[in-house]
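So the chains spell out like this:
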Amino acid sequence: MTTTSAGPHVHGLGEPYKRKEDARFIRGKGNYVDDIQLPGMLYADIVRSPYAHALIKGIDISKALQVPGVVAVITGKDLEAAGLAWMPTLSGDSEAVLAVDRVLYQMQEVAFVVAESRYAAADGAAAVEVDYEPLPVVVDPHKALAPDAPLLRPDKKDRQPTNQIYHWETGDRAATDAAFAEAEQNGVVVRQDMYVPRIHPAPIETCGCVADYNAATGKLTVWMTSQAPHAHRTLFAIVSGLPEHRIRVISPDVGGGFGNKVPIYPGYVCAVVAALKTGRPVKWIEDRTENLTSTGFARDYHIHAEIAADKEGTVKALRVYTLADHGAFDAAAQPTKFPAGLFHICTGSYDFKQAHVAVDAVHTNKAPGGIAYRCSFRVTEASYLIERMMDTLAREVGKDPAEIRLQNFIKPEAFPYRSALGWTYDSGNYERALRLAMEKIGYEELRREQAEKRARGELMGIGISSFTEIVGAGPGKHFDIAGIQMFDSCEIRVHPTGKVLARIGVQTQGQGHETTFAQIIAAELGISPDDVDVEHGDTDTAPYGLGTYASRSTPVGGAATAVAARKIRDKARKIAAYLLEVGEEDLEWEPGRFYVRGSPSKGKTIQEIAFAAYTNCPPYLEPGLEAVNYYDPPNLTYPFGSYICVVDIDRGTGEVHIRRFLAVDDCGTVINPMIVEGQIHGGLTQGLAPALYEQLAYDEDGNVLGSNFQDYLIPTAIETPRWETDRTVTPSPHHPIGAKGVGESPTVGAPQAIANAVVDALAHVGVRHIDIPITPWKVWAILKEKGLATA
């Protein structure tokens, strides 16, 4: 706890502090896109394809235009005539804004109806008649690679003659193969196929926007559900040809993003076109089914993984092949240089000497996307595979899963650690985290209980996940989105009375930025966070930033904030020296105050210095007390943790009951433990979801089988167990305050802990793997096969 002689309590780093933004949310005063109401505003609805693959033989909009209230109907042909039929994706592909002559997935956008009311727009959409000619559907990515598979993207056959989008590989193939050859002769090799299914972020607030073009000023304003408003503004300028300085993107309060609100969707572009066409503001808000079936999905990786080890279980090499299903368009939100994201963090927390990873990506008749759903670009898939494989290796060599991990962890003294796949881990102490988790949950006692229950025919399992994340992209020289380097920014203005306005380039979606960033400034300047307002999400006022996703806000935006505050403190020192008539080197700093060394009563508070900056500034300095920083991180950060899950399985129903779940996280320096705790609870629940409930499945005709919350099962409070948490602290050595980020770690670490626990409960009857989601009927089928079912 920080106290200063200069004034009120500061609430700096490491202190729980109630979220400043919650005051408006709990009063129902949040301001979301659908709250925006403008004079003369029109409303839009989208005509979507019922087919997963079909030719469009014709579109008849005449009946729609006769629907009372309908103002306009826009089709793909209209956009084609205006040169707007296609838009670039974040992965460099081209995506149809509205289908022109072919639809490639169910619920693809076909026409955009604008009307005086939302109801009239829906009636107009229903009246649009589209003549489809169905085509063969491909939903299996393996079949998409078959020689006789229909070509799904004839629009780019000149540069891509098959459905394969890319082949990418990294690591030393020859050295890895040699290590496997050695292990085949003198050690052990374990192999496993696994599928990390397609899931959806399913934010509570769906996507939408309000587009307003002012013909008098030539300025376009777009309120939108955006995790990256500046990047979206730049892309709008590129697509529309409008001057970027004439575009203002405002992202007000956002009701959850989880990666879903990073891409640009056709509805955004159509709303802008409609606003330009009609001269009136246009609002488009999608419904739940539209959100689940047409916007950015996550995962959908088919993985084959192999580990080579010696007979004692010491790992030597990792070999991974993955087939990635990207859907109809390659719209994955990935840094340009990494088509499979950061999937090659898959060596995890373990000291592999050799590794090789290959990924093939293909088109299918599914919705496009592939976003970082609460993970940093495919890290959840990577973490899942290595933690499943370490359990498989433990079974093979007859060791406890905890023992095999402790045996193979990267040692604390090895940091900074260069992985076999080229990443340089900043810091870590994996053994400390796992041993703390084992101690807190009573691991040895649980193993004894398991043995006793197993002797009685009861099914109890214990699962471990000791994951390492990789977050905080940039550095800009390695990471970019659509060519824009991944730095971030903060601008701080200290007013004459010592109150502070901070504007940040990252964009909150519920993470608590207005509190966290205020606490960073509080810690740096000794000003109460009550006196710091944090603004975000307005491209006309906030400094340029790449937005919030992949847990980059605190590692990058938080660092920019700390550095900007230090610039202010440096100027404040000069002003204090002038006021106190001493040299700068004669001053000491304590939170909120400079004082003369050896004479602590002679000093100036930051508030007094701020006032002087505007009223009595040294003649050799510019007046005012402001600073801006664009922070390009020197490296990524590597949060980690060890989770232990205990499950019981009902032999009558196959239902998995999570009895206990303990999460030990290490996110480096903790800014606000209350917010960190909330982030971990939310992340764990979003890790529980794919482990036991969620999957965005398709039938063979490409029909989406989880298009609403009755069929797509997100866990509620009823299904969610009581989370137990603890933490270790291993600061990042290169971050200004040692923070690593935490928002996504629990979602990355949790699924495999649950899966490992279920497999552990059934390991004694030969079960080695079950694909997630581990549903009761999957488990019951295994129980039936093994003669364990009681019903």
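Residues numbered from 1 in each chain as written. Predicted model: local features only at pLDDT ≥ 70, side-chain atom pairs only at ≥ 80, totals over all residues. Heavy atoms only, no water.

**A short note on the side chain of Ser349**
Rules: Only DSSP runs of H or I covering at least 4 residues are called helices, and only runs of E covering at least 2 are called strands; the numbering of each starts at the N terminus. N or O atoms within 3.5 Å of each other form a polar contact, as long as, within protein, one can give a hydrogen and the other can take it, and as long as residues adjacent in sequence are counted only when both atoms are side-chain atoms. Residues count as neighbours in contact if any of their non-hydrogen atoms are within 4.5 Å of one another.
In this fold, Ser349 is placed in the loop between β16 (315-325) and β17 (354-362). From its side chain, Ser349 meets the backbone oxygen of Ser466 in a polar contact 2.9 Å long. Here Ser349 is in contact with Asn408, Phe409, Ile410, Tyr430, Ser466, Phe467 and Thr468, once residues within four sequence places are set aside.

**Description of the packing of helix α10 (residues 379-397) against helix α18 (residues 745-762)**
Packed helix pairs are characterised by how far apart their axes lie and by the angle those axes make with each other. Inclusion rule: Angles run from 0 to 180 degrees between N-to-C directions of axes, and those axes are lines fitted to C-alpha atoms, restricted for helices to the stretch in contact. For this classification, under 35 degrees means roughly parallel, over 145 means roughly antiparallel, 65 to 115 means roughly perpendicular, and everything else is oblique. If you view the pair so one helix is near and one far, a crossing is left-handed when the near helix is turned anticlockwise from the far one by less than a right angle, and right-handed when it is turned clockwise.
Contact geometry for α10 and α18: axes closest at 8 Å, N-to-C directions at 30°. One finds that α10 runs roughly parallel with respect to α18. The two elements α10 and α18 cross, and the hand of that crossing is right-handed. Residues Val379, Thr380, Ser383, Tyr384, Glu387, Arg388, Asp391 and Arg395 of α10 lie in contact with α18, whose contacting residues are Thr747, Val748, Pro751, Gln752, Ala755, Asn756, Val759 and Asp760.

**Quick word on the layout of surface pockets**
Convention followed: Of the grid points, spaced at 1 Å and generated over the protein atoms alone, those admitting a 1.4 Å probe that cannot get out make up cavities, while open sets with protein on both sides within 12 Å along at least five of seven lines make up pockets; any residue with an atom within 4 Å of a point is treated as lining. Grid points are joined across faces, edges and corners, and a volume is the space filled by probe spheres set on the points.
Put simply, the largest pocket is a space of about 930 Å³. Along the walls of the largest pocket sit 50 residues, with Phe258, Arg374, Gln511, Gln679 and Gly743 positioned nearest its centre. Elements with a minimum of two residues in the lining of the largest pocket: α14 (513-525), α15 (553-580) and α17 (673-692). Top contributing element to the lining of the largest pocket by residue count: α17, with 7 residues. Here the second largest pocket is characterised by a volume of approximately 500 Å³. Surrounding the second largest pocket, 25 residues form its lining, Leu692, Tyr693, Leu713, Thr775 and Pro776 being those nearest its centre. Broken down by secondary-structure element, the contributors of at least two residues to the lining of the second largest pocket are β31 (656-666), α17 and α19 (776-786).

**Some details on empty space enclosed by the protein**
Convention followed: For this classification, Asp, Glu, Lys and Arg are treated as charged, while Ala, Val, Leu, Ile, Met, Phe, Trp, Tyr, Cys and Pro are nonpolar and the rest, including Gly, are polar.
Under the counting rule described, the total for this entry stands at 5 cavities of 30 Å³ or more. If you add up the space inside the largest cavity, you get close to 180 Å³. Along its surface, the largest cavity is lined by 19 residues, and Met87, Thr89, Glu95, Pro263 and Ile264 are the ones closest to its centre. Going through the elements one at a time, β4 (86-88) and α7 (229-240) are the ones with two or more residues in the lining of the largest cavity. The residue inventory of the lining of the largest cavity, partitioned by class, reads 12 nonpolar, 5 polar and 2 charged.

**So, the sheet that holds strand β1 (residues 42-48)**
Defined as follows: What makes two strands pair is DSSP finding at least two bridges between them.
Strand order in this open sheet of 7 strands is β3-β7-β1-β14-β11-β12-β13, and the pairing throughout is mixed. The outermost strands of the open sheet, each flanked by one partner alone, are β3 (70-75) and β13 (247-250). Strand-to-strand twist of the sheet, defined as the mean angle between neighbouring strand axes without regard to direction, takes the value 20°. This element, helix α4 (residues 118-127), spans β1, β3, β7 (109-115) and β14 (282-285) of the sheet and lies at about 25° to β1. The sheet strands contacting helix α8 (residues 266-278) are β1, β3, β7, β11 (208-214), β12 (219-224) and β14, and the helix crosses β11 at an angle near 25°.

**Comments concerning the packing of α14 against α15**
α15 packs onto α14 with a crossing angle of 35° between their chain directions and a minimal axis gap of 9 Å. Considering the relative orientation of α14 and α15, their crossing is right-handed. For the pair α14 and α15, contact is made by His513, Thr516, Phe517, Ile520, Ile521, Glu524 and Leu525 and by Ser553, Thr554, Gly557, Gly558, Thr561, Ala562, Ala565, Arg566, Ile568 and Arg569, respectively. Residues of the contact of α14 with α15, tallied by class, amount to 7 nonpolar, 7 polar and 3 charged.

**Focus on the packing of aromatic side chains**
Inclusion rule: Ring pairs are drawn from Phe, Tyr and Trp, using the six-membered ring of Trp, whenever the two centres fall within 6.5 Å, and their geometry is named by plane angle: stacked under 30 degrees, edge-to-face over 60, tilted for the rest. Burial here depends on accessible area, computed with a 1.4 Å probe over protein chains only, as a share of the maximum for the residue type. Under 20% is buried, over 50% is exposed, and the range in between is partly exposed. Here, over-ring charges are defined by two tests on the NZ atom of lysine or the CZ atom of arginine: distance to the ring centre within 6 Å, and angle to the ring normal within 35 degrees.
All chains considered together, the criterion is met by 25 aromatic pairs. Judged by centre distance (5.7 Å) and plane angle (65°), the ring pair of Tyr643 and Phe661 falls under edge-to-face. Of this pair, Tyr643 sits in strand β30 (residues 640-649) while Phe661 is found in strand β31, placing the two residues 18 residues apart along the sequence. Look at Tyr643 and you get buried, because its relative accessible area is 0%. Three or more aromatic residues link up through ring pairs in this structure, and these residues are Tyr350, Phe409, Phe415, Tyr417, Tyr425, Tyr430, Tyr638 and Phe640. Residue placement shows Arg319 over the ring face of Phe180; its charged tip is 3.9 Å from the ring centre.

**A look at the sheet that holds strand β20 (residues 459-468)**
Ordered in space as β20-β30-β31-β32, the 4 strands form an open sheet in which the pairing is mixed. Both outer strands of the open sheet, β20 and β32 (723-727), are each paired with one neighbouring strand and no more. Ignoring which end each strand starts from, the neighbouring axes of this sheet average 15° apart. Relative to β30, β20 is paired through 10 bridges, and the arrangement is antiparallel.

**Focus on the confidence of the model for the chain**
Heads up, the condition is: Each residue gets a pLDDT score, which is the predictor's confidence in that residue and runs from 0 to 100.
Taken residue by residue, the chain gives an average pLDDT of 96. The fraction at 70 or more is 99%. Counting interchain partners and residues more than four positions distant, the pLDDT-below-50 stretch residues 1-6 has 15 contacts.

**Some words on the environment of Ile46**
Residue placement: Ile46 occurs in strand β1. Setting aside chain neighbours within four positions, we find Ile46 in contact with Glu109, Ala111, Phe112, Ala125, Gly267, Trp284 and Glu290.

**A few points about helix α16 (residues 606-615)**
Applicable threshold: The arc in question is the one spanned by the directions pointing from the helix axis to the C-beta atoms.
Taken together, the buried positions of α16 are Ile606, Ile609, Ala610, Ala612 and Ala613. An end-on view of α16 places all buried positions within 165° of arc, on one side of the element. Where α16 is buried, its residues contact β23 (488-494), α14, α15, β27 (593-596) and β28 (599-605).

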